[in-house]
Amino acid sequence: MPMVTMTVNGQPRSAEAEGRTLLSQFLREALGLTGTHVGCDTSQCGCCIVEVDGRAVKSCAMLAQEAEGARITTIEGQAAEDGTMSKVQAAFVQEQGLQCGFCTPGMVMSVTELLRHTPKPSIDEIKHHLEGNICRCTGYRNIIKAVLVASDQPLGALASDH
Amino acid sequence: MVEKYGTAQSPVDLESEALVKGQGQYTDDIAPAGALHGVFVRSTVAHGIIRSIDTAAAAELPGVLGIYTARDLADAGTNPIMFMVPLMSADGKTPVPYVSTPRPALAGDRVRHIGEAIALVVADSAGAAQDAADLVEVDIEELTAHIGTRLSEDPVEDPIWDEAPNNQAYTWYAGDQEAVQATIAASPYKVTLELNNQRLAGSPMEPRAATASFDPESGRYTLYAGSQGTMFLRKGFADALGVGMDKVHVISKDVGGGFGLKVYVYPEYVAISVAARLLGQAVRWTATRSEALQADQGGRDSHCTVTGGFDADGQLNALYCDIIGNMGAYSIGIGPRVPSSVIAENIVGPYATPLIGIRSRGVHSNTIPTSPYRGAGRPETTYMLERLMDEAAIQLDIDRVELRRRNLIDREQMPFTNQFGHVYDSGDFAAVLDGAMASSDWAGFEARRAEAATRGKLRGIGCALFVETAGAYFQEPLDFRVTEDGMVEVRVVGVSTGQRHRSTITHIACSILGIPLDKVRYIAGDSDDVPVGSPTVGSRVGQMTGSAMHIAAHSAIERGRAIVGHLSSGQPNDITFANGVYTVAGTGETMAFLDLPRRLAEARAEGREIEETLDAVETFQSPGFSFPNGCHVAEVEVDELTGEMQILNYTAVDDCGNVINHREVEAQLMGGIAQGIGQGIMEQMVYDESGQLLSGSFMDYAMPRITEMPQAMTIVDLPDPTPSNPLGAKGVGESGTTASVSTVANAVADALRARGVTNLQTPLTASRLWEAMRTASA
Ligand code: FES
Ligand code: FES
């Protein structure tokens, strides 16, 4: 089996990968980074999102070999060395933007990317950006709140129209 | 003490940080290195006779270590999966007969649904196992497939079970059928509705996964599998393996959602366990999403005909529900109870209906077995009552809110023993209705409707009142210990699948004991630690485990008082307890609660004989269900041209009793509401007539996404505490789902009424709404 080498969360990592091995599988099985989750087999759910060369990518929709030489960041690379949560992670905890936590790594990765290019997203922009992330537990409302908090915006925009 | 919980401004959350960092320990994450990989060969035919299974080519592939079929499982001494909670008559006294449906872990001579497991391939890599599985050839002679939730009066061709020539699983009655029918017939207004609760896929985001191993020395199987509590699973698992309960060890760590479908044993767990034993190595299996859609137990799937007999002044004199519940190919778990006894437990709702009758009939079909999915009978019941109220209001020309008011059970009538013997000990239904009307600005709606019309939108508003049962299995043991290193250990059976039980229960313990949150070890999910107790089902953990925690902590304080009496010179009634510390009056001597085990050990080492201990298993016994209730309102807009619908405002006013933590209550409601909205507007498992599953992936099974959620949401607690448990809490896990299906359906019906649309069935997709408007105007 060919070796694949990439930089993951700042560290050079190599392992063998078959031609058909998905990046998600590679991260979980070969590198033991089980924070990247797999919730579907049709690239519909977003549980597997990681960052590849600065872009949020569904790692189940990419082959490990295609990531040869890439710079990858996973959920495990979000908190600081001393364990301090990133601003997005802290906002998810504060606003209870998670319940079972299975969709959460993908949500956090996706939101982190959003805030990088859109520091103050509107609610419509948040919804548009997270349309590819399925959460079965939360009803999404606390996730929107978490994004607003992570981007230093008031929660008032979520109020009703009457 | 109780009041103080609910006012917690920031939620106690001991669980989320690890999850948000990707450090969760879901079953597939913790499979041991070197575990073998199992892949199942599943039926591609809905109903048929297995003529042959050819594994020769598959067995040749490098890396393949074993291929197992029904014969291997039989040789290994396994039994079909039978475990089921009996279906009881409405008075709970006699078991009601149902067709026995032994479910093999691997189908041997007959397949009864698409996705039924036929063979298990085990290899040293996932790829090799998959390649080999693709080479297994199964020859199946097709039989007539039976699909759909309908019952034939006559025998059918190729019935699924010989015992049931027309595929009927059971017949179940509640109430005085004749009296109800006679009263309806004599009522001046008779309103009938047909309501379909389409088949749903529970779809927790973590697909089911399991790792099994066998220790030949002890003869014990160990199974790692996500569950809502290990006990029911363990029982079914041991029975299927043909061993005693002591020979199985079941462990659930983090669980990525349950919703009712991670309670019982599944065929895959039995098959991989036998393989692990035969191969002498751990075997792991993780479902793909398409496998989950083919093999996870299904939800809902019942067809209801509901008839109400009303007086001219709107009094509901009698109600009759005729239900057909689709069991799928096998009756599993509490499957047959969902469309029968659970309906009876909930059908009274908030209304003082003098006479209620139910007929429920189960039908087998060549589909995945059904069993509870969040709400499990409660949303269906509310759907019948609340759609009926809206339709009756039209026919009787009485305002729909006023019609409800005229039928409500009054707060003054509490405790109210309902027709089926359940006691409502609290609940102010008029208050939740008033609250919802005010919070949703119901009175101002017509102006909003008129404004929407100018934009080409049909705006509608709808409400649903509900009363539901919570707290199933009325006993809850809790194992309470304090260790010599000064830690409280709490062992409970209900596993959290996202409810943050550890946080809630720890919060209760610490509030009572006056100790810091990090002094509690919460132990759940391992059947060796916690052998008995009920799982996380039926909105029970807050009130049941919470109450057990409350009792255990208070009784430990009393035992501690006696211990302090022995260790000091004080008399127990001179000893006060506050903030985790005992103080002996007079001497002023103090002892910390958490220090007592160490001090006891020291005293005993010095030869003192003190029998007391802080440790005890306390059992909370509740007198029956509690009855969460509420009123929800939804406001929607439908596009006149496309049928596209948006939920604008959603208001929930809920009485879930005393609130331990408002934000957690809100989280449960929001998640539950979203699942009900999914049923209301988009989700549906679709089988074609030959039994092929058309909604076999998330491309076709429509999971609610962020864009479908209500734009605005208001959640109000209106507690009327229950005296049935020391916390006064009623449960909240299912309320959102129980209410939201009907709430949204009523709002959409209201929006489309102006266009002459009368019959709407969920899921209310844009194409259905468009079609309904088109047909109505034609
Ligand atoms: S696992 Fe990648 S999108 Fe679902
Ligand atoms: S928190 Fe469970 S799926 Fe999102």
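Residues numbered from 1 in each chain as written. Chains lettered and ligands numbered in written order. Predicted model: local features only at pLDDT ≥ 70, side-chain atom pairs only at ≥ 80, totals over all residues. Heavy atoms only, no water.

*Asks:* Lay out the overall build of chain B in plain terms, naming residues and giving numbers.
*Replies:* Counting its secondary structure elements, chain B contains 20 helices and 28 strands. Relative to the 2.2 N^0.38 estimate, which gives 28 Å for 778 residues, the radius of gyration of chain B is 28 Å and therefore close to what a compact globule would have. Dimensions of chain B, computed from the C-alpha atoms along their principal axes, are close to 95 × 70 × 50 Å. The buried share of chain B, reckoned over its 778 residues, is 64%. A separation threshold of at least 6 residues defines the contact pool for chain B, and within that pool the share at least 24 residues apart is 80%. Summing over all exposed atoms, chain B offers an accessible surface of approximately 26200 Å²; the carbon and sulfur share of this is 50%. Between the centroid of the 59 positive side chains of chain B and the centroid of its 98 negative side chains there is a distance of 2 Å. (Helix = DSSP H or I, 4+ residues; strand = E, 2+ residues; numbered from the N terminus. Rg over C-alpha atoms; globule rule 2.2 N^0.38 Å. Buried < 20%, exposed > 50% of the residue type's maximum accessible area, 1.4 Å probe, protein only. Contact = heavy atoms within 4.5 Å. Areas by Shrake-Rupley, 256 points an atom, 1.4 Å probe, with all protein chains shown as cover. Lys, Arg positive; Asp, Glu negative; His and termini not counted. Charge placed at Lys NZ, Arg CZ, Asp CG, Glu CD.)

*Asks:* Give a detailed account of the overall build of chain A, specifying residues and quantitative values.
*Replies:* Of the regular secondary structure elements, chain A holds 5 helices and 5 strands. Ordered by position in the sequence, the α and β elements of chain A form the string β-β-α-β-β-β-α-α-α-α. In terms of overall size, chain A behaves like a compact globule, its C-alpha atoms giving a radius of gyration of 16 Å where 162 residues would be expected to give roughly 15 Å. When its C-alpha atoms are laid out on the principal axes, chain A stretches across 60 × 35 × 25 Å. Evaluated residue by residue, chain A yields a buried proportion of 57% over its 162 residues. The long-range share in chain A, meaning contacts at least 24 apart out of those at least 6 apart in sequence, stands at 55%.

*Asks:* I'd like a description of unusual backbone geometry, backed by residues and values.
*Replies:* The residue after Met414 of chain B, namely Pro415 of chain B, is reached through a cis peptide bond having omega -5°. Within the secondary structure, Pro415 of chain B sits in the loop between helix 12 (400-407) and strand 16 (416-417). For the bond running from Thr762 of chain B to Pro763 of chain B, omega is 0°, close enough to zero to count as cis. Among the structural elements, Pro763 of chain B can be located in the loop between helix 19 (735-753) and helix 20 (766-777). The backbone of Gln96 of chain A shows a phi angle near 55°, a positive value even though the residue is not glycine. Tracing the chain through its elements places Gln96 of chain A in the loop between helix 2 (87-94) and helix 3 (104-117). The exposure class of Gln96 of chain A is buried, given its relative accessible area of 1%. Despite not being glycine, Phe259 of chain B shows a phi value in the positive range, around 60°. Assignment of secondary structure puts Phe259 of chain B in the loop between strand 11 (248-251) and helix 8 (267-279).

*Asks:* Got a sec to walk through the domain arrangement of chain A? Specific residues and values, please.
*Replies:* Residue and element names in this part refer to chain A. Per the domain assignment, the segments making up chain A are domain 1 (3-77) and domain 2 (87-155). Here the C-alpha centre of domain 2 lies 21 Å away from the C-alpha centre of domain 1. Contacts between the two partners involve 18 residues from domain 1, matched on the other side by 14 residues from domain 2. Counting each side, the surface lost to burial between domain 1 and domain 2 is near 1200 Å², with a carbon and sulfur contribution of 58%. It is His37, Ile49 and Ile75 that lose the most area in domain 1 upon contact with domain 2, and together they represent 39% of the buried surface on that side. (Domains from an automatic or database assignment. Buried area = accessible area lost by both parts, 1.4 Å probe.)

*Asks:* How would you explain the interface of chain A and chain B if you had to name every residue and give the values?
*Replies:* With 54 residues of chain A at the interface, the matching set in chain B holds 66 residues. When chain A packs against chain B, close to 4700 Å² is buried across both sides, 53% of that on carbon and sulfur atoms. Summed over the shared surface of chain A and chain B, the number is 6 salt bridges. Across the pair Arg20 of chain A and Asp131 of chain B runs a salt bridge, and its minimum N-O distance is 2.8 Å. For the pair chain A and chain B, the interface holds 26 residue pairs in polar contact (both at pLDDT 80 or more). Going through the elements one at a time, helix 1 (23-30), helix 2, helix 3 and helix 5 (141-150) of chain A are the ones with two or more residues in the side of chain A that touches chain B. (Salt bridge = Lys/Arg side-chain N within 4 Å of Asp/Glu carboxyl O. Polar contact = N/O pair within 3.5 Å; in protein donor to acceptor, adjacent residues only side chain to side chain.)

*Asks:* Explain the pattern of salt bridges to me, and be specific about the residues and the numbers.
*Replies:* Residues and elements named next belong to chain B. What the rule picks out here adds up to 57 salt bridges over all chains. Note that Arg455 is salt-bridged to Glu637, the shortest N-O span being 2.8 Å. Linking Arg455 in the loop between helix 14 (445-453) and strand 18 (457-467) with Glu637 in strand 26 (residues 629-639), this pair joins segments that are 182 residues apart in sequence. Relative accessible area serves as the criterion here: at 40%, Arg455 is assigned to the partly exposed category. Shared partners join several salt bridges into a network, and the residues in it are Glu386, Asp390, Arg400, Arg404, Glu446, Arg449 and Asp750.

*Asks:* With reference to specific residues and values, describe the nonpolar core.
*Replies:* Grouped together as the largest cluster of nonpolar side chains are 147 residues, with contacts concentrated most on Phe92 of chain A together with Ile347 of chain B. With 9 residues, helix 19 of chain B is the largest single contributor of residues to this core. Each of domain 1 (3-77) and domain 2 (87-155) of chain A gives at least three residues to this core. Not counting chain neighbours up to four residues away, the residues in contact with Ile347 of chain B comprise Leu319, Cys321, Ile356, Ile358, Thr381, Met384, Leu385 and Phe420 of chain B. Of all hydrophobic cores here, the second largest spans 41 residues; its members include Cys510, Tyr582, Met591 and Ala729 of chain B. (Core = buried A, V, L, I, M, F, W, Y, C linked by side-chain atoms within 4.5 Å.)

*Asks:* Now, about the sheet that holds strand 2 (residues 11-16) of chain A: what can you tell me, with residues and values included?
*Replies:* Residues and elements named next belong to chain A. Read across the open sheet, the 5 strands follow the order 2-1-5-3-4; overall the sheet is mixed. Taken across any chain shown, the strands that pair with only one partner, and hence form the sheet edges, are strand 2 and strand 4 (55-58). Shown here is a sheet whose adjacent strand axes are inclined to one another by a mean of 40°, direction ignored. The sheet contact formed by strand 1 (residues 3-8) and strand 5 (residues 71-73) spans 2 bridges and is parallel. Residue Thr7 lies in a different strand from strand 5, and its bridge partner there is Arg71. Helix-sheet contacts for helix 1 involve strand 1, strand 2, strand 3 (49-52) and strand 5, and the interaxial angle to strand 1 is about 85°. With respect to the sheet, helix 3 is in contact with strand 3, strand 4 and strand 5, its orientation differing from that of strand 3 by roughly 45°. (Pairing = 2+ DSSP bridges. Axes fitted to C-alpha atoms, helices over the stretch in contact; angles between N-to-C directions.)

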